Amino acid sequence: NNVTESVYEGEGRVNPIEVDSSANADKVITEGFAVPDNAQKDAATFHMPNLFADRMLLQARMPVRVWGSAETAGSLVAVQVYRAGTLSGETCYLAADCGVFEGYLPAQSYGTGCSLRIITEEGKYIEYTDVAFGELFLAGGQSNMGWTMNQCKTPDGGQLYAQIIANSDNENIRLG
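Residues numbered from 1 in each chain as written. Predicted model: local features only at pLDDT ≥ 70, side-chain atom pairs only at ≥ 80, totals over all residues. Heavy atoms only, no water.

Caption draft 1: Geometry of the overall build of the protein. Within the protein, the regular secondary structure consists of 1 helix and 12 strands. Each of the 176 residues in the protein was classed as buried or not, and the buried ones make up 33%. Of the contacts made within the protein by residues no fewer than 6 positions apart, 63% connect residues no fewer than 24 positions apart. Carbon and sulfur atoms provide 49% of the accessible area of the protein, an area that totals close to 10,900 Å². (Helix = DSSP H or I, 4+ residues; strand = E, 2+ residues; numbered from the N terminus. Buried < 20%, exposed > 50% of the residue type's maximum accessible area, 1.4 Å probe, protein only. Contact = heavy atoms within 4.5 Å. Areas by Shrake-Rupley, 256 points an atom, 1.4 Å probe, with all protein chains shown as cover.)

And the structure:
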């Protein structure tokens, strides 16, 4: 199930990216407990990595790893994706051991304005809002990677990328 996408077309060149959208698909668990109808928001129950936050961007079209810990007596934790306030797809379950949980969301289509809800068997949940599913690019390297996007300046000293994003017709660009 490899997907080849053209990411740059110009001057007769095409640079394809190979994406294995089936990687980790076998780790998506879709059977578990019945999510309580009277669930209560309780962020204090959860201890999540800083990576998880409102307005986060998650990779589209491939399973996404979700992990953290919760003060829970149950053996499973569920994760749900909402689009426009409606549950999108199946509830997925994250295996938990002594409160530490890990698992995968199934591949999601592109979109913004989503919510990600992580919920315990006891009905406590944490919710992240304005989540986007799209193309996620991470950069790594040596000393030159110490340069942040906020340090890129225009000739007059303004922030280069802030200006470009503000002037863009694409309201879904996220820079972190």
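Caption draft 2: Expanded view of the environment of Lys41. Inspection of the secondary structure assignment puts Lys41 in strand S3 (residues 40-41). When its relative accessible area of 54% is taken as the criterion, Lys41 is described as exposed. Through-space distance from the C-alpha of Lys41 to that of Gly123 is 8.4 Å; in sequence the pair is 82 residues apart.

Caption draft 3: The arrangement of the pattern of salt bridges in detail. Here the structure, examined in full by the defined rule, presents 3 salt bridges. With a closest N to O distance of 2.8 Å, Glu102 and Arg65 form a salt bridge. With a gap of 37 residues between them, Glu102 in strand S10 (residues 100-105) and Arg65 in strand S6 (residues 64-70) connect regions that are remote in the sequence. Exposure remark for Glu102: the relative accessible area of 39% places this residue in the partly exposed category. A salt bridge links Glu127 to Arg117; the shortest N-O distance between them is 3.6 Å. One end of the pair, Glu127, is in strand S12 (residues 124-134); the other, Arg117, is in strand S11 (residues 111-120), and 10 residues separate them in sequence. Like Arg117, Glu127 is buried. (Salt bridge = Lys/Arg side-chain N within 4 Å of Asp/Glu carboxyl O.)

Caption draft 4: Inspection of unusual backbone geometry at higher detail. In this structure, Arg61 is a non-glycine residue whose phi angle is positive, near 65°. Mapped onto the elements, Arg61 comes out in the loop between strand S5 (57-59) and S6. Phi at Cys98 takes a positive value of approximately 55°, unusual for a residue other than glycine. Residue position: Cys98 is located in the loop between strand S9 (92-97) and S10. Looking at Cys98, the relative accessible area reads 80%, which means it is exposed.

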